[in-house]
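Observations on the model geometry
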Amino acid sequence: MNFDKQPEVHIAIFGFMTSFIWEFLQMPFFDVGQATYWERTLGCTQASFGDAGILLVAYSLVSLLKRNRYWMFDPKIWMLGVYLGTGLTITLVIEIFATKVPRDWDWGWRYSDLMPVIPFVDVGLIPIVMWIVILSITLWFARRQPQVDRKDP
């Protein structure tokens, strides 16, 4: 098995890399308090691993529904909808929970005054836009990588 040529590996790698860049770019929209640059870097790294995990869940769900791990090479509208919808749903749930946890927990975050917030759900617009952009870019990059034979066993 060529591990480095599997679609899930490409989704995870490109998902992590694009998320890592986005996490840093969106920092002004979050209240980081007195966090040092090192703490911010660690936070962005952890968030990027979480983002890559969400990407894998979204990709794998479509793979299960389609019964084909290589669906990204011939995506249908419904597949892209499930892929994007899964990422957005997970993000909404995490954002709602993470912004409501008590400050003394060692997890969660707060938005800065710069963050545009979606009414009624009190979720930042930037994390939602992130999933539309990052899921799309990740799929685009992953499709362009060398692959093994695309037939599922």
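Everything discussed here concerns the structure shown above.
Remember, it's a predicted structure, so these values are computed and weren't measured experimentally.

**Details of the packing of aromatic side chains**
Under the counting rule described, the total for this entry stands at 8 aromatic pairs. Centre to centre, the rings of F16 and F49 are 4.7 Å apart; their planes meet at 40 degrees, and the pair counts as tilted. Pair noted here: F16 is in helix 1 (residues 7–25) and F49 is in helix 2 (residues 37–66), with a separation of 33 residues, a long-range link. For F49, a relative accessible area of 54% puts it in the exposed group. With a centroid separation of 5.0 Å and 75 degrees between ring planes, the pair formed by F20 and F24 is classed as edge-to-face. With F20 and F24 both in helix 1 and 4 residues apart, the pair spans about one turn of that helix. Exposure remark for F24: the relative accessible area of 33% places this residue in the partly exposed category. Put simply, the rings of F16, F20, F24 and F49 touch in pairs and so form one group of aromatic residues.

**A closer look at the pattern of salt bridges**
All told, the structure shown has 2 salt bridges when counted by the stated rule. Its salt-bridge partner being E8, residue R69 comes within 2.7 Å of it at the nearest N-O pair. Note that R69 is positioned in the loop between helix 2 and helix 3 (77–98) and E8 in helix 1, a separation of 61 residues in sequence. A salt bridge links D74 to K76, with the shortest nitrogen-to-oxygen separation between them at 3.0 Å.

**Focus: the environment of V133**
Mapped onto the secondary structure, V133 falls in helix 4 (residues 125–143). V133 gets classed as partly exposed once you look at its relative accessible area, which sits at 29%. C-alpha separation for the pair V133 and D4, spaced 129 residues apart in sequence, amounts to 24 Å.

**Regarding the packing of helix 1 against helix 2**
Interaxial distance between helix 1 and helix 2 falls to 8 Å at its minimum, and their mutual angle equals 140 degrees. The angle between helix 1 and helix 2 falls in the class oblique. Note on packing geometry: the crossing formed by helix 1 with helix 2 is right-handed. Residue-level contacts link P7, E8, I11, A12, G15, F16, S19, F20, E23 and F24 of helix 1 to T41, C44, T45, A47, S48, F49, D51, A52, L55, L56 and Y59 of helix 2. Looking at the contact of helix 1 with helix 2, its residues break down into 13 nonpolar, 5 polar and 3 charged.

**Overview of the side chain of D51**
Of note, D51 is situated in helix 2. Buried and without a salt bridge, D51 has R110 as its closest oppositely charged side chain, separated by 17 Å. Setting aside residues no more than four positions away along its own chain, D51 makes contact with S19, E23, M130 and W131.

Here is what the cut-offs are and how they apply
- Residues numbered from 1 in each chain as written.
- Predicted model: local features only at pLDDT ≥ 70, side-chain atom pairs only at ≥ 80, totals over all residues.
- Heavy atoms only, no water.
- Phe/Tyr/Trp six-rings, centres within 6.5 Å; stacked < 30°, edge-to-face > 60°.
- Helix = DSSP H or I, 4+ residues; strand = E, 2+ residues; numbered from the N terminus.
- Buried < 20%, exposed > 50% of the residue type's maximum accessible area, 1.4 Å probe, protein only.
- Salt bridge = Lys/Arg side-chain N within 4 Å of Asp/Glu carboxyl O.
- Axes fitted to C-alpha atoms, helices over the stretch in contact; angles between N-to-C directions.
- Parallel < 35°, antiparallel > 145°, perpendicular 65-115°, else oblique.
- Left-handed = near helix turned anticlockwise from the far one by under 90°.
- Contact = heavy atoms within 4.5 Å.
- Nonpolar A, V, L, I, M, F, W, Y, C, P; charged D, E, K, R; others polar.
- Lys, Arg positive; Asp, Glu negative; His and termini not counted.

Purely geometric stuff here, so don't read any function into it on its own.
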